[in-house]
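Each chain, written out:
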Amino acid sequence: MIRKTMSTALTQLLRECVTCFPLPVGVTRLSTPPNTPPPSGECGASDIDPSTTEQRSLSKLMDRMQSICCDDLGLKPVHPITGAGTLTPPHLAMSPVTYMAIQDTSSFTVGIFLLKKDKTIPLHDHPGMTGLVRVLYGTLNVTSFNHCGTPLGSGLSPGHIVDPDLIPKEGGDSVIPVIKNADCSLTSESPVCVLTPNDANFHQISAVSGPAAFLDILAPPYDDIVRCCNYYHQLPPADIGGSPEQEQNGGTAWLQTIPQPSEFWCYQEPYVGPSLP
């Protein structure tokens with residue numbers, strides 16, 4: 001397939017990514033930009049105060065990402081009934097979620113996720129990573145949680161979290177305390193949603209009312225060694241000796257690691273949009 005000519009908007013976005021995430025090969029963690037505020041607005045840390053060089057770079061990247069639309073990516077929204085769009089109906093039928101990689105480097109990845117109607121990317125995490133989400137079409141519902149004091153990978157022990165007798169026997173050593181954020185709904189009119197190593201790092205994304213697609217930037221990328229993708233199940237309050245009121249927005253909730261849900265898998269399609277710089 002012959003690609004369209006290079007997209008100026010996409011070229012500028014990728015250049016901003018290089019400026020914002022200039023990590024050398026071998027770096028295993030991207031720290032949260034200093035003084036990055038907790039999630040606010042519709043979803044994620046959307047109100048970035050550009051008072052430092054890092055924050056100014058992130059703010060510029062968010063502005064550039066906010067201006068990206070389907071045309072800039074050669075993306076045609078999927079028709080909710082016929083399935084006509086960027087991907088052909090046979091491909092759409094193969095998996096609930098499809099991913100198209102635009103650029104993959106040792107410092108960051110840029111790609112497009114396409115979700116079928118009522119399909120979900122299950123509750124998962126991005127250890128030590130920063131991420132940005134820009135909805136291109138459709139509506140997404142996002143459920144997210146913040147780290148609760150102790151980041152992943154710090155030797156967290158269940159005995160230091162809660163009475164060991166209250167932890168479920170299976171997988172009890174993978175129970176993690178988190179703070180629940182208010183659920184949010186995102187459309188193409190919503191501001192870019194930001195997750196950091198501590199804020200909104202655990203999240204679940206669902207397409208509602210029809211197919212949906214979003215542009216996704218992660219820095220640094222998953223590496224299957226240090227930054228592996230983990231899936232989670234939210235434990236009922238009774239399982240850890242709590243009450244339903246304790247897990248309301250802003251309250252402590254408990255997540256338990258689980259295998260990748262059998263109903264979820266992601267099919268990868270080649271990027272067919274404008275040429276890359």
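Residues numbered from 1 in each chain as written. Predicted model: local features only at pLDDT ≥ 70, side-chain atom pairs only at ≥ 80, totals over all residues. Heavy atoms only, no water.

Asker: Whenever I open this one, the overall build of the chain confuses me. Can you help?
Answerer: Counting secondary structure elements, the chain contains three helices and eleven strands. In sequence order, the chain lays out its α and β elements as α-α-α-β-β-β-β-β-β-β-β-β-β-β. Scored against the burial criterion, the 277 residues of the chain give a buried share of 48%. Long-range pairs, those at least 24 residues apart, make up 81% of the contacts in the chain between residues at least 6 apart in sequence. Here the chain displays about 13,000 Å² of accessible surface, and carbon together with sulfur accounts for 53% of that area. (Helix = DSSP H or I, 4+ residues; strand = E, 2+ residues; numbered from the N terminus. Buried < 20%, exposed > 50% of the residue type's maximum accessible area, 1.4 Å probe, protein only. Contact = heavy atoms within 4.5 Å. Areas by Shrake-Rupley, 256 points an atom, 1.4 Å probe, with all protein chains shown as cover.)

Asker: Can you help me understand the environment of Cys69 in this one?
Answerer: Among the secondary structure elements, Cys69 is positioned in the loop between helix H2 (53-66) and helix H3 (89-92). What makes Cys69 partly exposed here is its relative accessible area of 34%.

Asker: Just checking my understanding: could you explain the pattern of salt bridges for this structure?
Answerer: Note on pairing: side chains with opposite charge can pair once their charged atoms come close. According to the stated counting rule, one finds four salt bridges in the structure shown. Lys60 is paired through a salt bridge with Glu16; the nearest N and O atoms lie 3.9 Å apart. With Lys60 in helix H2 and Glu16 in helix H1 (residues 8-20), this pair connects stretches of sequence that are 44 residues apart. Its relative accessible area of 49% is what places Lys60 among the partly exposed residues. Classification of Glu16 as buried rests on a relative accessible area of 10%. As a salt-bridge pair, Glu16 and Arg64 come within 4.0 Å of each other at their nearest N and O atoms. Here Arg64 lies in helix H2 and Glu16 lies in helix H1, a separation of 48 residues in the sequence. A residue is classified by how much of its surface remains accessible, and Arg64, at 30% relative accessible area, is partly exposed. A single salt-bridge network, built from bridges that share partners, covers Glu16, Lys60 and Arg64. (Salt bridge = Lys/Arg side-chain N within 4 Å of Asp/Glu carboxyl O.)

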